[in-house]
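Structure at a glance
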Amino acid sequence: MLIGCCALAQQPITALQRFELYGQAQGTTYTISYYDEKPRVNQSAIDSIFAVIDRSMSLYKDGSLINQFNANDTKRIAMDPHMATVIKKSFAIHKESKGLFDITVKPLVSLWGFGPDNREDLPDATAIATAMKTVGMKKLRVRENSLLKRVPSLQIDLNGIAQGYTVDVLHNYLMAKNITQFIVEVGGEIRAHGEKPDGTPFRVLVDRPESAGKTKSHVVELRNKAITTSGSYEKFRQVKDYTFSHHIDPRTGYPLKSSTIAVTVIAETAMDADAYDNVFMAMNPRDAITFANSKNIIDIYLLYLEEGQVKEGYSKGFKKYLLTD
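First, a word on scope: everything that follows refers to the structure included in this document. (Residues numbered from 1 in each chain as written. Predicted model: local features only at pLDDT ≥ 70, side-chain atom pairs only at ≥ 80, totals over all residues. Heavy atoms only, no water.)

Here we take up the sheet that holds strand β15 (residues 309-314). Read from one edge of the open sheet, 8 strands run β1-β2-β6-β7-β10-β13-β14-β15, paired in antiparallel fashion. The sheet terminates laterally at β1 (17-25) and β15, the two strands that pair on one side only. When strand polarity is set aside, the average angle formed by the axes of neighbouring strands in this sheet is 10°. For β1 and strand β2 (residues 28-36), the ladder comprises 9 bridges, and the chain directions are antiparallel. Across the sheet, Tyr22 pairs through a bridge with Thr31, a residue of β2. (Pairing = 2+ DSSP bridges. Helix = DSSP H or I, 4+ residues; strand = E, 2+ residues; numbered from the N terminus. Axes fitted to C-alpha atoms, helices over the stretch in contact; angles between N-to-C directions.)

The following block contains the structure:
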């Protein structure tokens, strides 16, 4: 037994190497960094994952499952596993957010010029009122593996959750390949697992808009967590003197009027973080922090305007992720 131990001790220890994959997908960029003794993932496998998800939930891909559902002559579709997972989570967050998260807002998103149609004008009150007749998740039903419309012209938009879900799918794929130290990023949606070979966590710079003024930049340390940031500065339009963001209030049909500039969410999964950052953008800052604290599984960092000044707000648990000087 002693000889066996000595022989084992004399064997060389294989050092972990860093491998990186990157490219373009879903209208944005992606990066996957992982540590292992040898490369275990190739580019074509990653691109195939994106292609499968796009065929399910991309509004920009002709013939995708979501576009089939959104067609006026479609009453129901059989969901694939990807869409079924995202729809189930969407209903759960819709309920928890008391309707602030709503995937039936596609007609409104298109009206305000943020859809594939690239409208340039502003919608009038009549057009908004007409679109609102098709908005509301009560008009949507799930029966076994089928998704059904209660209103023929109802359409869904999963962009507020599907990219986070994609990050989770990539996370699960790497885990299935026995890769346990990695970080995945798709269009700013991030999920990390494990830590670096030196034992330190993965570090992420929190997105910070120019309008944040002199507030301090923050770096968070992640182990087995996901992080996303959403803000009114990300996608916006200006028509004449009216500037508005892509965050549409499903209760009114108009772009959100919020004092929140940006919100960063840390959660167990990227799908949760991605969906909830939309919810927190729709809340006033104090309500957002109270909601996050009550959940106790999500932490948030807010930048918001108060009396013309940019201020910061945190949930109780967020500061434990911050890199200290």
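Let's shift gears to the packing of aromatic side chains. For any pair of aromatic rings, geometry is given as the distance between the ring centres together with the angle between the planes. A complete count under the given rule lists 10 aromatic pairs for this structure. When the ring of Tyr30 is compared with that of Phe50, the centres are 4.7 Å apart and the planes differ by 35°; the resulting orientation is tilted. Placement of Tyr30 in strand β2 and of Phe50 in helix α2 (residues 43-57) is noted, with a sequence separation of 20 residues between them. Relative accessible area serves as the criterion here: at 3%, Phe50 is assigned to the buried category. Here a set of aromatic residues connected by ring pairs shows up, and it is made of Tyr276, Phe280 and Phe291. The ring of Tyr314 carries the charged tip of Lys319 above its face, separated from the ring centre by 5.0 Å. (Phe/Tyr/Trp six-rings, centres within 6.5 Å; stacked < 30°, edge-to-face > 60°. Buried < 20%, exposed > 50% of the residue type's maximum accessible area, 1.4 Å probe, protein only. Lys NZ or Arg CZ within 6 Å of the ring centre and 35° of its normal.)

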